[in-house]
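If you want the building blocks of each chain, they are given just below.
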Amino acid sequence: MSTTTHKVGSTTTNKKNTGATSAAKPKPKPGRRANDSELQESFHDEIKDIYWAEKKLVQTLPKLAKAATSEELRNAFTQHLKVTEEHVTRLEKVFDILGHKPQAKKCDAMEGITEEGASIIEDTKDGTHTRDVALIFAGQKAEHYEIATYGGLAQVAKTLGYEEIASILEQTLAEEKEADQSLTELAENSINEEATEE
């Protein structure tokens, strides 16, 4: 019995020592700086996410433009491609301000939206306004995702004291809202009505 008691006591002592060791400052996660807060890390992750999304749209918008029947819609997608390329450049500036290299993290939401856009092209007839209506749906789903993301990121940037980054994100947010409004006007002014006659 005395031997067992001795071992238990020894084990207890070891646990206390282990506890003292674990109380030491934890090492930062891989890719994370020691002075980064959880919110800063989350913010950086979301920047990677929207960076991937914007780069994906750079690849997708030419396909939507090519599939469009209406010249106005084709022009809208082509014009937004140029704006989206600028959004990619701005995000690279954000990475630079944060002191990180630009890095994309797969955005499952945008991947789903762009895959849906590809399905629309396959499932609708070429040269129809019905296809244009569906392409506008796809375009606006992408815009709404970006509006939600940039709006949230701008608020978090302000909370973290990243005023310059917040300004950059708000500029992009305004442009995403403009693109969404342009698609709405195209649908309301002509495309939806023309589709009813097919």
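Since the structure is predicted, the reported quantities are computational estimates derived from the model, not experimental observations.

(A) Main features of the overall build of the chain. Along the backbone of the chain there are 6 helices and 0 strands. When the helices and strands of the chain are listed from N to C terminus, the series reads α-α-α-α-α-α. Buried residues in the chain amount to 38% of all 198 residues. Taking the contacts inside the chain whose residues are at least 6 apart along the sequence as the reference set, 79% of them involve residues at least 24 apart. A total of about 11700 Å² of accessible surface is found on the chain, and carbon and sulfur atoms cover 51% of it.

(B) Layout of the pattern of salt bridges. One pass over the full model with this rule turns up 9 salt bridges. Salt bridges sharing common partners tie together Asp-45, Lys-48 and Lys-105.

(C) The arrangement of the side chain of Thr-124 in detail. Mapped onto the elements of the fold, Thr-124 is located in the loop between α4 (108–123) and α5 (129–159). A distance of 2.7 Å separates a polar atom in the side chain of Thr-124 from the backbone oxygen of Ile-120. Those residues in contact with Thr-124 that sit more than four places away from it in its chain are Arg-131 and Ala-134.

(D) Focus on helix α6 (residues 163–196). Its 34 residues place the ends of α6 48 Å apart at the C-alpha level, agreeing with the 50 Å of an ideal helix rising 1.5 Å per residue. At Ala-187, α6 is deflected by roughly 50 degrees, the largest bend along its length.

(E) Region of interest: the side chain of Glu-54. On the secondary structure map, Glu-54 appears in helix α2 (residues 38–67). For the buried residue Glu-54, which engages in no salt bridge, the nearest side chain bearing the opposite charge is Arg-90, 7.8 Å off. When residues no more than four places from it in sequence are discounted, the contact partners of Glu-54 are Thr-84, His-87, Val-88, Leu-91, Glu-146, Tyr-150, Thr-172 and Glu-176.

Thresholds applied
- Note that residues are indexed from 1 along each chain, following the sequence as it is written.
- Only residues with pLDDT of at least 70 get local features here, since the model is predicted, and only at 80 or more are side-chain atom pairs given and counted; chain-wide, interface and lining totals rely on the full set of residues.
- Neither water nor hydrogens contribute to the side-chain values; these are computed over all heavy atoms in the structure.
- The helix count covers DSSP runs of H or I at least four residues long, the strand count covers runs of E at least two residues long, and both are numbered beginning at the N terminus.
- Note on exposure labels: buried denotes an accessible area under 20% of the residue type's maximum, exposed denotes more than 50%, and partly exposed covers the range between, all computed with a 1.4 Å probe on protein chains only.
- The contact rule is simple, with two residues in contact once any of their heavy atoms fall within 4.5 Å.
- Here the open area of atoms and residues is found with the Shrake-Rupley method and a 1.4 Å probe, where only the protein chains shown may cover a residue.
- In what follows, salt bridge is the name for a side-chain nitrogen of Lys or Arg lying within 4 Å of a carboxyl oxygen of Asp or Glu.
- Pairs of N or O atoms within 3.5 Å make up the polar contacts considered here, provided that, within protein, one atom can donate a hydrogen while the other can accept it, and that residues adjacent in sequence are counted only when both atoms are side-chain atoms.
- Under the convention used throughout, the expected extent of a helix is 1.5 Å for every residue step, that is, one less than its residue count.
- Bend is computed residue by residue as the angle between axes fitted to the seven residues ending at the residue and the seven residues starting at it.
- Charged residues are defined narrowly, with Lys and Arg counted positive, Asp and Glu counted negative, and His plus the chain ends left uncounted.

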